[in-house]
Amino acid sequence: MSDSERPLTYNSYLLVDQLLGCQRPQSQLAGQPAHDEMLFIVVHQICELWFKQILCELDRVRRVFLQPKDGWPDLAIAIDGLDRIQKIQRVLQQQFEVLETMTPLGFLAFRDRLGSSSGFQSLQFRLIEIRLGLRRDQRLGPAACPFDQDLSEADKALLARAEREPALIDLLEAWLESSPYLDYVGPPGEAAFTFKQSYRLASTGDAFDSLFDENRHGELQAKGAWKLSAPALQTALFIMLYQQEPALRLSYQLLDRLMEMDIGWTAWRQRHALMVQRMIGRKIGTGGTTGDDYLKRASEHHRVFADLFTLATYLVPPSRVPPLPPSLQAALRSPQMTPVPRQRQA
Ligand code: HEM
């Protein structure tokens, strides 16, 4: 019986032998075994497996927007994917608790054997960042060497290719820009609705300009204060203000889950930085960064969906939310309503 004819078993299906053959503590190979190195390797490998699953989920979430059904993305699928990622992020954070059963001295027993290897070279982590939408020019400069410096040429090319593909934030932006809510023309006799005009009455001057004045928004975007375009931000604000309308529930949930995921990465980065501080204090990292200082700054600077949080600055109390024209409100109250995407201008 050939291998392909044998019935699958637990071992042959999961390739358990190969999996369990992947742990090679350097201290053991050198004949001076350090007990904690096995834990160090296993925890890293577990994280890499979860990164793999997260990439798989992110690909599906991106496909929802890349291949919309009847012109409108199936948001429920994207929300499910983001929910799953959030649960995995919690498990990823817990890994640090396990690793911290190793003491700093236990780590020092084998740290020198790691050479220049570091999580900084994790290809999958970089891919996740790129798939989310962290651009090369948005990465921290002086505290860290170029993020792909120590990768193989093939891996550098793989990341460069991924950088040319639409990231989740680009897809979110295009979807928000194509939504029909900012300028709505109802039936004859009903005044046309523009979100900009009606919101002007509800919000204060400077806050209004940062979002609705193209020049002011452009200045802020150039400084890195906004990532998303003005129309995308305005639509996101519209969704937040009118989140109770049945037709906007899924859109609001999507924005909410993107924020949850952003929190999940920030929390993971902060938790990792605290663990690193505990293990190595202010020593520089094996990957060549300033270590603790770089990691703490990256946890804030490398956030991709921070714009969605900033929008809370522009929310007004429910009593001041501008009323919608009757036909738009009726359409949004029908759960069956599938918004007709606006034609994007060339
Ligand atoms: C004793 C445990 C650990 C220590 C001391 C440590 C230390 C560091 C340091 C100092 C850096 C900054 C880059 C450098 O200069 O090396 C870093 C980056 C990183 N580490 Fe760890 N690490 C530990 C465990 C882990 C684990 C379990 C993972 C899970 C995969 C991980 C993933 C990463 C990633 C993805 C980065 C890149 C972060 C970024 O660039 O924003 N590390 N680590």
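Residues numbered from 1 in each chain as written. Predicted model: local features only at pLDDT ≥ 70, side-chain atom pairs only at ≥ 80, totals over all residues. Heavy atoms only, no water.

1. Some details on the coordination of the iron atom of the ligand
- Of all protein atoms, His272 (NE2) alone acts as a donor to the iron atom of the ligand, lying 2.2 Å away.
- With respect to the helices and strands, the residue His272 is situated in helix α14 (residues 249-280). (Donors = N, O, S within 2.8 Å, 3.2 Å for Na, K, Ca; no water. Helix = DSSP H or I, 4+ residues; strand = E, 2+ residues; numbered from the N terminus.)

2. Thoughts on the confidence of the model for the chain
- Taken residue by residue, the chain gives an average pLDDT of 92. The fraction at 70 or more is 95%.
- In the predicted structure, residues 340-346 sits below a pLDDT of 50 and forms 13 contacts with residues beyond four places in sequence or in another chain. (pLDDT = per-residue confidence, 0-100. Contact = heavy atoms within 4.5 Å.)

3. Considering the pattern of salt bridges
- Across all of its chains, the model carries 23 salt bridges by this definition.
- For Glu129, the salt bridge identified is with Arg126, shortest N-O distance 3.0 Å. Of this pair, Glu129 and Arg126 both sit in helix α7 (residues 123-132), three residues apart, which is roughly one turn of the helix.
- Where salt bridges share partners, they join Asp59, Arg62, Arg131 and Glu165 into one cluster. (Salt bridge = Lys/Arg side-chain N within 4 Å of Asp/Glu carboxyl O.)

4. Brief notes about the site of the ligand
- Taken together, the neighbourhood of the ligand is formed by 28 residues, with Ser118, Arg269, His272, Thr289 and Tyr294 sitting nearest.
- Contact between the ligand and Arg269: an oxygen atom at 2.7 Å from a side-chain N or O atom of the residue.
- One nitrogen or oxygen atom from the main chain of Gly288 is found 3.3 Å from an oxygen atom belonging to the ligand.
- Sort the elements by how many residues they give to the shell around the ligand and α14 lands first, with seven residues.
- Looking at the shell around the ligand, its residues break down into 16 nonpolar, 10 polar and two charged. (Near = heavy atom within 4 Å. Polar contact = N/O pair within 3.5 Å; in protein donor to acceptor, adjacent residues only side chain to side chain. Nonpolar A, V, L, I, M, F, W, Y, C, P; charged D, E, K, R; others polar.)

5. Examining the packing of aromatic side chains
- A complete count under the given rule lists 20 aromatic pairs for this structure.
- With a centroid separation of 5.8 Å and 40 degrees between ring planes, the pair formed by Trp226 and Tyr314 is classed as tilted. Taken as a pair, Trp226 in the loop between α12 (214-222) and α13 (230-241) and Tyr314 in the loop between α16 (306-310) and α17 (326-333) lie far apart in primary sequence, 88 residues in all. For the pair formed by Trp226 and Tyr314, the shared burial category is buried.
- Seen from the ring of Phe309, Arg303 lies directly overhead, with NZ or CZ sitting 4.6 Å from the centre. (Phe/Tyr/Trp six-rings, centres within 6.5 Å; stacked < 30°, edge-to-face > 60°. Buried < 20%, exposed > 50% of the residue type's maximum accessible area, 1.4 Å probe, protein only. Lys NZ or Arg CZ within 6 Å of the ring centre and 35° of its normal.)

6. Description of helix α9 (residues 168-178)
- The element α9 is largely enclosed, with a buried count of eight among its 11 residues.
- Within the sequence span of α9, burial applies to Leu168, Ile169, Leu171, Leu172, Trp175, Leu176, Glu177 and Ser178.
- The inward-facing, buried residues of α9 abut α4 (37-66), α5 (75-99), α7, α13 and α14.

7. Points about the environment of Ile54
- You can see Ile54 is positioned in helix α4.
- Judged by relative accessible area, which is 0%, Ile54 ranks as buried.
- Measuring from C-alpha to C-alpha, the distance between Ile54 and Phe125 comes to 9.7 Å, with 71 residues separating the pair along the chain.
- Leaving out residues up to four positions away in the same chain, Ile54 has contacts with Ile85, Ile88, Leu92, Ile128 and Trp265.

8. Some words on a nonpolar patch on the surface
- Side chains of Leu8, Tyr10, Tyr13 and Leu14 sit close together on the surface and give an oily, nonpolar patch of about 520 Å² of accessible area.
- Topologically, Tyr13 is positioned in helix α1 (residues 10-14). (Patch = residues over 30% accessible without salt bridge, like charges linked within 9 Å, V, L, I, M, F, W, Y side chains within 5 Å. Areas by Shrake-Rupley, 256 points an atom, 1.4 Å probe, with all protein chains shown as cover.)

9. Some points on the state of the cysteines
- Under the definition given, this model contains zero disulfides.
- Just so you know, Cys22 is unpaired, no disulfide at all, and the nearest cysteine sulfur is the one on Cys47, 15 Å from it.
- By relative accessible area, Cys22 is classed as partly exposed at 45%.
- For Cys47, a relative accessible area of 8% corresponds to the buried category. (Disulfide = S-S within 2.5 Å.)

10. Overview of unusual backbone geometry
- The phi dihedral of Leu15 falls on the positive side, at around 50 degrees, and the residue is not glycine.
- Unlike most non-glycine residues, Asp70 shows phi in positive territory, near 50 degrees.
- For Asp70, the position within the fold is in the loop between α4 and α5.
- Since its relative accessible area comes to 83%, Asp70 is described here as exposed.

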